[in-house]
There are 2 protein chains.
Amino acid sequence: MSKVSIRTPDIVIGRLPIYLRVLEHIASNGTRVTSSQEMGEHLGISPAQIRKDLSHFGEFGKQGTGYDVVYLRKQLQRILGLQQDWDVALIGAGAVGKAIMRYAGFRGRGFHIAAVFDNDDSKIGRKINNLKILHVNVLKSTIHQMGIRMAMITVPSEQAQKVADMLVEASVEAVLNYAPVNLIVPPEVHVQHIDPVVGLQHMTYYLSSYSTLTQG
Amino acid sequence: MSKVSIRTPDIVIGRLPIYLRVLEHIASNGTRVTSSQEMGEHLGISPAQIRKDLSHFGEFGKQGTGYDVVYLRKQLQRILGLQQDWDVALIGAGAVGKAIMRYAGFRGRGFHIAAVFDNDDSKIGRKINNLKILHVNVLKSTIHQMGIRMAMITVPSEQAQKVADMLVEASVEAVLNYAPVNLIVPPEVHVQHIDPVVGLQHMTYYLSSYSTLTQG
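Counting from 1, residues in each chain are numbered in the order their sequence is written. Note on labels: chains are lettered from A, ligands numbered from 1, in written order. Where local features are concerned, this predicted model is filtered to residues with pLDDT of at least 70; where side-chain atom pairs are given and counted, the filter is 80 or more; whole-chain, interface and lining totals use all residues. Calculation of side-chain values draws on the structure's entire complement of heavy atoms; hydrogens and water are dropped beforehand.

### Some thoughts on the interface of chain B and chain A
Under the convention used in this document: Working rule for contacts: check all heavy atoms of both residues, and any pair within 4.5 Å makes them a contact. Accessible area that two parts lose when put together, with a 1.4 Å probe and added across both, is what the buried area reports. We define a salt bridge as a side-chain nitrogen of Lys or Arg found within 4 Å of a carboxyl oxygen belonging to Asp or Glu. Under the scheme used here, helices are H or I runs from DSSP no shorter than 4 residues and strands are E runs no shorter than 2 residues, and both carry numbers assigned from the N terminus. Gly is put with the polar residues, along with every residue not named as nonpolar or charged; the nonpolar set is Ala, Val, Leu, Ile, Met, Phe, Trp, Tyr, Cys and Pro, and the charged set is Asp, Glu, Lys and Arg.
The partner chain A presents 70 residues to the 70 residues of chain B that form the contact. Taken over both partners, the interface formed by chain B and chain A buries close to 6800 Å², and the fraction arising from carbon and sulfur atoms is 64%. In this structure, the connection of chain B to chain A is made through four salt bridges. One salt bridge connects B:Arg109 with A:Asp195, and the closest N-O pair in it is separated by 2.7 Å. Of all elements in the fold, only α1 (10-28), α4 (69-79), α5 (95-101), β8 (150-153), β9 (174-177), β10 (190-193), α8 (196-207) and α9 (209-215) of chain B reach the threshold of two or more residues within the side of chain B that touches chain A. Residues that form the side of chain B that touches chain A fall into these classes: 37 nonpolar, 22 polar and 11 charged.

And the structure:
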């Protein structure tokens, strides 16, 4: 009989990076032991939910003694594949692309922008953060040569699907999409969206009358 | 006896904007009826989870007949408080701020950037998207006058907490934070983060050996 294998829900996986960020925050204050209670207060997630999520991956703390911050952080990094740095390609050297290149939040969190592409001839050869902008013509060959598996799309909406197709053809396996459009990719390719509207809409729920009227 | 009031978990609220975006995508193809199955396929969320989430807010479809796309969309907009457009203040007219001002994804989704602030004298008075950049000195008075309740922080990390304090003082109730730092705000103020690393780390889980080793 084969071992029963239960896939961890993607929703749970999506919360692990949030837990990791909170642990980084807690560690930055010099705190060495934390609890699902404390983590939950930072996140607006119930301690029970956090414990249940973590239980998919093992035992990380003992009832009543809390979590060792450094240990739990290392474990989450291991689960998320962050023992190594990942090279990421960025496609679209416009305003969003430039802002991302300068984003301070990548530091020490597992990612390195290794190549930047654009289709605007006037930008090719220029540098952002010491990285030469390459033409999308060489996207596939460069990505293959460098062994890049992840990419960020920061082109205008109308061009996002075309870029996604090129990335799929270059065997990229994970795409972070800043364009406000859904991308059609094969099921084995992972896509995440960066969309400020989702964050704003999450909060208007609490600011509007619905939540107070029904759940006051 | 008072009516028992059970608060909908914040995790569920956070998924409603994602459902709304998928419905917008489905509607853009001219599709009029959808299902939790179809929505789930777009999202990597189980149909059961989607049905359970929606059931917090009522009955939106009948077993076997699916959801009316227009109706469900309207209901989600109502629940999220999106029958009206929300004015949003943006603080930080740098690369990220400019990119957001030009972001096409706000259109028709409930938000309007109504004021932009910076502390760099050389930027004050200039326009982005026809909106004059104002000095943060007038942040509080402008926000009060305009009745703005939401803000986006796009300043460098070192300045994010200071700006958050100003926003709290100006009675802003919801903050979308682009700076890669945790903000300390009173519990009644809502904060959401925009952090590309969270999206990337979510995907490295699937690209690294952990998931394949343990969950085959």
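What follows continues from the structure just given.
### Concerning the side chain of A:His202
To keep things clear, this is the line we draw: Partly exposed describes any residue whose relative accessible area lies between the buried limit of under 20% and the exposed limit of over 50%, with all areas from a 1.4 Å probe on protein chains only and scaled to the type maximum.
Its place among the elements puts A:His202 in helix α8 (residues 196-207). A:His202 gets classed as buried once you look at its relative accessible area, which sits at 7%.

### Points about helix α6 (residues 139-146) of chain B
Side chains three or four residues apart in an α-helix point the same way, a direct result of the helix having 3.6 residues per turn. Residue and element names in this part refer to chain B. Using the following cut-off: As used here, the arc is the angular range of directions from the helix axis to the C-beta atoms.
Of all the positions in α6, only Leu139, Thr142 and Ile143 are classed as buried. Buried residues of α6 fall within an arc of 95° about the axis and therefore sit on the same side. Lining the buried residues of α6 we find β4 (86-91), β5 (111-118), β7 (131-135) and α7 (157-169). Two residues or fewer past α6, Gly147 is found with a positive phi of approximately 65°.

### Quick notes on a positive patch on the surface
Worth spelling out the cut-off: A residue counts toward a patch only above 30% relative accessible area and without a salt bridge, and it is joined to like-charged neighbours within 9 Å or, for Val, Leu, Ile, Met, Phe, Trp and Tyr, to nonpolar neighbours within 5 Å. Using a 1.4 Å probe, accessible areas were evaluated by the Shrake-Rupley method; residue-level cover was limited to the displayed protein chains. A positive count includes Lys and Arg, and a negative count includes Asp and Glu. His and the chain ends are not counted in either. We put the charge of a Lys on NZ, of an Arg on CZ, of an Asp on CG and of a Glu on CD.
Together, A:Lys98, A:Arg102, A:Arg126, B:Lys98, B:Arg102 and B:Arg126 make up a region of like positive charge exposed at the surface. Taking relative accessible area as the criterion, B:Lys98 reaches 34% and is therefore assigned partly exposed.

### Some words on the relation of the copies chain B and chain A
The following threshold applies: The copies are overlaid by a least-squares fit using only the C-alpha atoms of residues whose pLDDT is at least 70 in both copies.
Structural alignment of chain B on chain A gives an RMSD of 0.0 Å, achieved by rotating through 180° and translating 0.0 Å along the axis. The superposition of one copy onto the other is thereby described by a two-fold rotation axis. Taken as a fraction of all interface residues of chain B, those also at the interface in chain A reach 100%, which identifies the copy contact as same-surface.

### A short note on the sheet that holds strand β1 (residues 33-34) of chain B
Stated precisely, the cut-off is as follows: Pairing between two strands is assigned when DSSP locates at least 2 bridges connecting them.
Strands sit in the order β1-β3-β2 (chain B) across an open sheet of three strands; the sheet is antiparallel. For this open sheet the edge positions go to β1 and β2 (61-62) of chain B, each flanked by a neighbour on one side alone.

### Focus: helix α4 (residues 69-79) of chain A
All names here are of chain A. Our working definition: For the purposes of these results, a polar contact is taken to be a pair of N or O atoms within 3.5 Å, where, inside protein, one atom must be able to donate a hydrogen and its partner to accept one; residues adjacent in sequence count only when each atom of the pair is a side-chain atom.
Within the span of α4, buried status applies to Val69, Leu72, Gln75, Leu76 and Ile79. The arc enclosing the buried residues of α4, seen along the axis, measures out at 135°, which places them on a common side. Exposed positions of α4 whose direction lies more than 90 degrees from the buried face are Val70 and Lys74. Between the side-chain oxygen of the N-cap and the backbone nitrogen of Val70 there are 3.1 Å, and the N-cap of α4 in question is Asp68. A positive phi of about 75° marks Gly81, the residue just after α4.

### Quick look at the domain arrangement of chain A
We count it as follows: Each domain span listed reflects an automatic or database assignment of domains.
For chain A, the domain assignment lists domain 1 (10-79) and domain 2 (86-197). Each of domain 1 of chain A and domain 2 of chain A has a C-alpha centre, and these two points are 30 Å apart.

### Topic: the pairing of strand β8 (residues 150-153) of chain A
Residue and element names in this part refer to chain A. The test is simple: A crossover counts as right-handed when, viewed with the strands pointing away from the observer, the path leading from the first strand over the helix to the second turns clockwise.
Of the two faces of β8, the one lined by Met150 and Met152 and the one lined by Ala151 and Ile153 are each fully buried. Inspection of the sheet shows strand β4 (residues 86-91) paired to β8 by four bridges, in the parallel sense. Residue pairing for β8: Val88 is matched across the bridge by Met150. When β8 meets strand β9 (residues 174-177), the two strands line up parallel, connected through four bridges. Following the sheet pairing, Ala151 is matched in β9 by Val175. Following the chain from β8 across helix α7 (residues 157-169) to the adjacent parallel β9, one finds a crossover that is right-handed.

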